[in-house]
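Architecture and fold: a report
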Amino acid sequence: MTLTSPFFLLLLGFIGAQATLDVRTAAAMAAGLCKTRPTDLVFIIDSSRSVRPSEFEQVKVFLAKVIEGLDVGPNATRVGVVNYASRVKNEVSLKTHRTKAGLVKAVTKIEPLSTGTMTGLAIQFALNVAFSDAEGARAKSPDISKVAIIVTDGRPQDSVKDVAQRARDAGIEIFAIGVGRVDMSTLKQMASDPLDDHVDYVESYSVIEKLTKKFQEAFCACSNSATDVVFLIDGSKSVRPENFELVKKWINQIIDKLDVSDSKAHVGLVQYSSSVKQEFPLGRYNNKKDLKDAVKKMAYMEKGTMTGQALRYLSDNSFSVAQGARPGVVKVGIVFTDGRSQDYIGDAAKKAKENGFKMYAVGVGNAVEDELKEIASVPTGEHYFYTADFKAMTQIAKKLQINICQEEDPCECDSLVKFQKKVEDALQALTKKLESMSKRIALLENKIV
């Protein structure tokens, strides 16, 4: 048998067809795995004279890569692009392109304006024109996000503070990306809260692509993300008032990442110290603004640390139908503590997990890692977090939001990126198998000859 024999060619044809099928299947799964929630997204890009032509090309590559990770369509994500310098130009309208290919092609054709830097004027234009009904923006709705991503490398020649506030008040979530010698205070004036999630800085345009993954994940939502989330927060005296305020900001960071609505994520809040207090039950607030306002109003209890008692309350009350929990919906408990419990937690922690609750344990300062691990669901390493400093809780908030998706649903919030890596690994393994089979067939051929 030779390497060109009919049998060998047939065998290779079969393997090749199987490989092609696997790749097509993988691609189809990747395309359907991660659905971005319906969003009207407008890029506002600085093309002033300080942005060199080669750098502007890198901005366009960044835009194209973010677009590739979106679920583009009339009923999904619509994309617009506003180009600005001393004047403003509406390059791509929200109503113009309904496919990724069309959007990417339009982005590649954008040319820099190469004059001044009127960032405030550009934001006003986006508010008045780019996000208008006439340009394809949809009516304001809890189910449709309005997002602006501003990319700039300099200090604006006009004021941005008031106009950015008006845009945010109109329901537009603003991300501000600064490059090089950008004025950081200006970025903070433009961006939405929490600033840690909405302000990014890169040292040069050559590395702006590293932000691609962040925005792919930011717009990725699980297709079946109905979740009941209850925060169980330690309000003991060891936390201290200034740190308790940081804890409230941390809770709101996580809420910002949830798809809060009547049919999606519901959030409840329980505070504990020597006793347990339900701040608000699941389902009372079904929009982010009301939820975050309620969190900010939470008063500090400032007593002991009865974590076991609090966990029993969570199991017996917080996730009950009487307290707003929905039957058949994933239940997530997020426990925060800064110290050792004054009562036994073992039985209560075990019961919560036996009830099917997905438990996260977050510890700061003097929290005991063994207790955190006892509270956390398995795999423990993915469900407990510890930091010595309250100010470092922002990073924990980012890690937590990534995992609040149904385990049964293959869509995780960063699933697109993860799945692409799995596809690459599978293709490499398949290539190795083909090489190994070719060698075995060659040996067999030699023996026959």
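Below is a summary of the structure that appears in this document. Everything numeric in this text was worked out from a predicted model, so none of it was measured. (Residues numbered from 1 in each chain as written. Predicted model: local features only at pLDDT ≥ 70, side-chain atom pairs only at ≥ 80, totals over all residues. Heavy atoms only, no water.)

Turning our attention to the sheet that holds strand β12 (residues 330-337). Pairing is mixed across the open sheet formed by six strands, whose spatial order is β11-β10-β9-β12-β13-β14. Looking along the sheet, the strands with just one partner apiece sit at the ends: β11 (276-280) and β14 (384-387). Direction aside, the axes of adjacent strands within the sheet are offset by 20 degrees on average. Two elements, strand β10 (residues 265-272) and β11, share four bridges in a ladder whose sense is antiparallel. (Pairing = 2+ DSSP bridges. Helix = DSSP H or I, 4+ residues; strand = E, 2+ residues; numbered from the N terminus. Axes fitted to C-alpha atoms, helices over the stretch in contact; angles between N-to-C directions.)

With respect to the helices, strands and loops of the structure, T307 is situated in helix α11 (residues 307-318). The contacts of T307, once residues within four sequence positions are left out, are Y272, T337, S341, D343, I345 and I375. (Contact = heavy atoms within 4.5 Å.)

Let us now look at helix α9 (residues 241-257). Between the first and last C-alpha of α9 there are 25 Å, a value that for 17 residues agrees with the 24 Å anticipated at 1.5 Å per step. Of the positions making up α9, those classed as buried are N243, F244, V247, K248, W250, I251, N252, Q253, I254, I255 and D256. (Expected span 1.5 Å × (residues − 1). Buried < 20%, exposed > 50% of the residue type's maximum accessible area, 1.4 Å probe, protein only.)

Our next topic: the nonpolar core. F43, F62, I149 and V151 are the most contacted members of the largest nonpolar core, which has 32 residues in total. Of all the elements in the fold, those that place two or more residues in this core are β2 (39-46), α2 (53-68), β3 (77-84), α3 (100-108), β5 (145-152) and β6 (172-179). Broken down by element, the residue count for this core peaks at seven residues, all from α2. Those residues within four positions of F43 in sequence are excluded, and the remaining contacts are L63, V66, I67, V79, G80, V81, V82 and I149. Counting 29 residues, the second largest nonpolar core, distinct from the first, contains F244, I251, I254 and A265. (Core = buried A, V, L, I, M, F, W, Y, C linked by side-chain atoms within 4.5 Å.)

What follows covers the pairing of β10. Taken across its eight residues, β10 has eight buried, putting it largely inside the fold. With burial as the criterion, each face of β10 is covered, one bearing A265, V267, L269 and Q271 and the other bearing H266, G268, V270 and Y272. The sheet contact formed by strand β9 (residues 227-234) and β10 spans eight bridges and is parallel. Counterpart to V229 in the pairing with β10 is V267. Read from β9 through α9 to β10, the crossover connection turns out right-handed. Connecting β10 to the antiparallel partner β11 that follows it, the hairpin turn spans three residues. (Right-handed = clockwise from strand over helix to strand, strands pointing away.)

For any two helices packed against each other, one specifies the crossing angle of their axes together with the interaxial distance. Where helix α4 (residues 119-130) meets helix α5 (residues 161-169), the axes come as close as 9 Å, and the angle between the chain directions of the two elements is 25 degrees. Classed by the angle they form, the pair α4 and α5 counts as roughly parallel. As α4 packs across α5, the resulting crossing turns out to be left-handed. The residues of α5 that touch α4, namely those facing G120, I123, Q124 and L127, are V163, A164, R166 and A167. (Parallel < 35°, antiparallel > 145°, perpendicular 65-115°, else oblique. Left-handed = near helix turned anticlockwise from the far one by under 90°.)

Looking now at the pattern of salt bridges. Enumeration according to the criterion identifies 18 salt bridges in this entry. With a closest N to O distance of 2.7 Å, R138 and D40 form a salt bridge. With R138 in the loop between α4 and β5 and D40 in strand β2, this residue pair connects regions lying 98 residues apart in the sequence. Here R138 falls in the buried class, since its relative accessible area comes to 13%. D183 is the partner of R155 in a salt bridge, and the nearest nitrogen-oxygen pair spans 3.5 Å. Of this pair, R155 sits in the loop between β5 and α5 while D183 is found in the loop between β6 and α6 (184-190), placing the two residues 28 residues apart along the sequence. (Salt bridge = Lys/Arg side-chain N within 4 Å of Asp/Glu carboxyl O.)

Let's shift gears to the sheet that holds β3. One open sheet holds the six strands; their spatial order is β4-β3-β2-β5-β6-β7, and the pairing between them is mixed. The open sheet is flanked by β4 (88-92) and β7 (199-202), the only strands paired with a single partner. Each strand axis lies, on average, 20 degrees off the axis of its neighbour in the sheet, ignoring direction. Sitting on the sheet, α4 is in contact with β2, β3, β4, β5 and β6, with an inclination near 50 degrees to β4.

Our next topic: empty space enclosed by the protein. It is a probe the size of a water molecule, rolled over the atoms, that shows where empty space is left. Under the definition given, this model contains two cavities of 30 Å³ or more. The calculated volume of the second largest cavity comes to roughly 40 Å³. Looking at the second largest cavity, the residues that line it are I44, I123, A126, L127, F131, A148, I150, A167, I172 and I174. Those elements that provide at least two residues to the lining of the second largest cavity are α4, β5 and β6. Sort the elements by how many residues they give to the lining of the second largest cavity and α4 lands first, with three residues. (1 Å grid on protein atoms, 1.4 Å probe; cavity = no way out; pocket = protein on both sides within 12 Å on 5 of 7 lines; lining within 4 Å. Points joined across faces, edges and corners; volume = space filled by probe spheres on them.)

Right, let's get into the packing of aromatic side chains. Counted according to the given criterion, the structure contains five aromatic pairs. Both rings, one in F231 and one in W250, keep their centres 6.4 Å apart while their planes meet at 80 degrees; by these two values the pair is edge-to-face. Within this pair, whereas F231 is found in strand β9, its partner W250 is found in helix α9, the two being separated by 19 residues in sequence. Look at W250 and you get buried, because its relative accessible area is 1%. Judged by centre distance (4.5 Å) and plane angle (45 degrees), the rings of F319 and F357 are tilted. Placement of F319 in the loop between α11 and β12 and of F357 in the loop between α12 (346-354) and β13 (358-364) is noted, with a sequence separation of 38 residues between them. Residues F319 and F357 agree in their burial class; the two are buried. (Phe/Tyr/Trp six-rings, centres within 6.5 Å; stacked < 30°, edge-to-face > 60°.)

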